[in-house]
Amino acid sequence: MSIDDILVFSLCTGIIGIILAFFLLISSFITSLLPYNKSLNNVILKISKIAKYTLYAGIFLFMISLAGLLLYFAIDGIQKGEYNLIFSRYGGYKTHISWDKQPIRFSIQTIGFIGFSMYLIFKAIKDFSPKKYNK
């Protein structure tokens, strides 16, 4: 199992966490439509809290995995000296960017991959750090 398989797996796990949190929030909303009951209210609060933390974990895992995948693409492209980008699921449009033929475009692509992954990492850390550290 290679590093890109692990990153894709964790990316999918983050998406599943987000979907699970969505269904938990929907079930909490549907439960809140029932007549008021003190024990039911406690269940609603517990479901909402679980949904909130599941959503946070899913988004955090998704953002960190996406950043790792972009860094992997950048490192792989630098090692090979080229990027082979496919912009269609069925291989309709392929772009080949190499260091030898297009050094400026290759540099911009590398900076884009690394820059966006760093942005995602800092955004995830800022958004999910304790509130006393956020300003």
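Residues numbered from 1 in each chain as written. Predicted model: local features only at pLDDT ≥ 70, side-chain atom pairs only at ≥ 80, totals over all residues. Heavy atoms only, no water.

1. Some words on the overall build of the chain
Consideration 1: Scanning the chain from N- to C-terminus turns up three helices and two strands.
Consideration 2: What you see in the chain, going N to C, is helices and strands ordered as α-α-β-β-α.
Consideration 3: Its C-alpha atoms give the chain principal-axis dimensions of roughly 70 × 40 × 25 Å.
Consideration 4: Sorting the 135 residues of the chain into buried and exposed places 24% on the buried side.
Consideration 5: A sequence separation of at least 24 residues applies to 62% of the contacts in the chain between residues at least 6 apart.
Consideration 6: Element-wise, carbon and sulfur atoms account for 70% of the exposed surface of the chain, whose accessible area totals about 9900 Å².
Consideration 7: For the chain, the distance from the average position of its 14 positive side-chain charges to the average position of its 6 negative side-chain charges is 21 Å. (Helix = DSSP H or I, 4+ residues; strand = E, 2+ residues; numbered from the N terminus. Buried < 20%, exposed > 50% of the residue type's maximum accessible area, 1.4 Å probe, protein only. Contact = heavy atoms within 4.5 Å. Areas by Shrake-Rupley, 256 points an atom, 1.4 Å probe, with all protein chains shown as cover. Lys, Arg positive; Asp, Glu negative; His and termini not counted. Charge placed at Lys NZ, Arg CZ, Asp CG, Glu CD.)

2. Focus on the confidence of the model for the chain
Consideration 1: On average, residues of the chain score 84 in pLDDT, and 94% of them reach the 70 mark or higher.
Consideration 2: Per-residue pLDDT, averaged within each element of the chain, yields its smallest value for strand β1 (residues 82-86) (81) and its largest for helix α3 (residues 103-127) (88). (pLDDT = per-residue confidence, 0-100.)

3. Looking at α3
Consideration 1: The first and last C-alpha atoms of α3 sit 36 Å apart over 25 residues, in line with the 36 Å expected at 1.5 Å per residue.
Consideration 2: Regarding α3, the residues found buried are Phe-106, Thr-110, Phe-113, Ser-117, Leu-120 and Ala-124.
Consideration 3: The elements touched by buried residues of α3 are α2 (38-80), β1 and β2 (94-98). (Expected span 1.5 Å × (residues − 1).)

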